[in-house]
Amino acid sequence: MARILVVGDVVDDLIVRPLTAVTPASDTPAVIRRRDGGSAANVSAWLGWQGADVMFVGRAGRDGAERHTEALARFDVQARIAADGEQDTATIVITLDAVGERTMYVDRGANSALTTKDVPLSAWKDVRWLHLTGYTFFDPVTRPVAQELVARARDRGVTVSLDPGSVAFLREAGVEEFARWTSGVDVVLPNLDELRCMTGEDEPDRAVLELSRWYPTVVATLGASGSVQMTPDGFLVRQRAEAAEVEDLTGAGDAFAAGFIAASADGLEPQQALRRGAETAAIAVSRTGARPVLGEVRSAL
């Protein structure tokens, strides 16, 4: 079993589902829940839930470091979450519409204080795969940390994957600049909006071909249309989406990434890896929150 290292954000998600039409400047009944989140930490949880050998490295406030370490440990994730003495744990407020689509308000908190010292040499022991998210590259303070991690991975022959993470931040940064920041990444995992933003192409097949100019392997999730992969040798591999009753799209991409990475790191063929990603994402969208449910049966995988 390949060892996987995930480095990046850990967050307290506050999920808001309005129960009626929103009333500006007044009260709106809603269901509000706190959930553990953060794209990188979510991927770690889904990897651990699948039985992968995974370590997560991140940073939280003193109010959350131990709590998030224990939460990931429940999924058999080895977590090294440094406790920041100055910044609070990151928080995202997520509002859901009637079809489970999200609008997010982001306070990065202690994630912005991540340093290379938080990722000791011991964290690299037996690692075969490194996963990062765009949020660490978009933040100018942590961008050098992410780039140093990619360089270390390249020196060790470790495969590097990246979830771009945010159309808003991609537009602000500029696509070519982002591609330059993330040079050395082997596998990029955009969703459809990110894919179109990064290429200017509406048609997914043309878009993944265009994006392959910068990344050897492109794996794009296309919502209800499934997913498509452009392999390093130029082949397109397609996978249908798994049927699911959608409650909350939060974490769907993280679950897909975890399924794909776990299968790929263990040497499965691209079609099998895409199928694993689709199966994991279908489970994720069927409940509120971005993480697996403890004790949930994994037989579908």
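Description of the nonpolar core
Ranked by size, the top nonpolar core spans 40 residues in total, and within it I4, L47, F56, L72, I81 and F260 carry the most contacts. Counting residues per element, the ones that place at least two in this core are strand 1 (3–7), helix 1 (39–49), strand 4 (53–61), helix 2 (65–73), strand 5 (78–84), helix 9 (252–265) and helix 10 (270–284). The element best represented in this core is helix 9, accounting for 9 residues. Excluding residues that lie within four positions of it along the chain, L72 makes contacts with A41, S44, A45, F56, V77, A79, I81 and R291. One finds A123, A153, V175 and W181 within the second-largest nonpolar core, a separate group that totals 39 residues.

A closer look at the packing of helix 9 against helix 10
Here helix 9 crosses helix 10 at 150 degrees, and the two axes come no closer than 7 Å. Between helix 9 and helix 10 the crossing geometry is right-handed. Contacts between helix 9 and helix 10 pair A252, A255, F256, G259, F260, A262, A263 and S264 from the former with A273, L274, R276, G277, A278, T280, A281 and A284 from the latter.

Considerations on the pairing of strand 11 (residues 217–221)
A large share of strand 11 lies buried, amounting to 5 of its 5 residues. Taking every second residue as pointing to the same face, both faces of strand 11 are buried, with T217, V219 and T221 on one and V218 and A220 on the other. Relative to strand 11, strand 10 (residues 187–188) runs parallel, the two being bridged by 2 bridges. Its bridge partner lying in strand 11, V187 is registered against T217.

Thoughts on the sheet that holds strand 1
Neighbouring strands of a sheet are bound in pairs by backbone hydrogen bonds; such pairs are parallel or else antiparallel. The sheet built from 9 strands is open, its strands ordered 5-4-1-8-9-10-11-12-13 with mixed pairing. Where the open sheet ends on each side, the last strands, each with one partner, are strand 5 and strand 13 (236–239). Helix 1 rests against strand 1, strand 4, strand 8 (127–133) and strand 9 (159–163) of the sheet, and its axis sits at about 150 degrees to strand 4. Strands in contact with helix 10 are strand 11, strand 12 (227–230) and strand 13; relative to strand 13, the strand with the most contacts, it is inclined by about 30 degrees.

Procedures and definitions
- Residues numbered from 1 in each chain as written.
- Predicted model: local features only at pLDDT ≥ 70, side-chain atom pairs only at ≥ 80, totals over all residues.
- Heavy atoms only, no water.
- Core = buried A, V, L, I, M, F, W, Y, C linked by side-chain atoms within 4.5 Å.
- Buried < 20%, exposed > 50% of the residue type's maximum accessible area, 1.4 Å probe, protein only.
- Helix = DSSP H or I, 4+ residues; strand = E, 2+ residues; numbered from the N terminus.
- Contact = heavy atoms within 4.5 Å.
- Axes fitted to C-alpha atoms, helices over the stretch in contact; angles between N-to-C directions.
- Left-handed = near helix turned anticlockwise from the far one by under 90°.
- Pairing = 2+ DSSP bridges.

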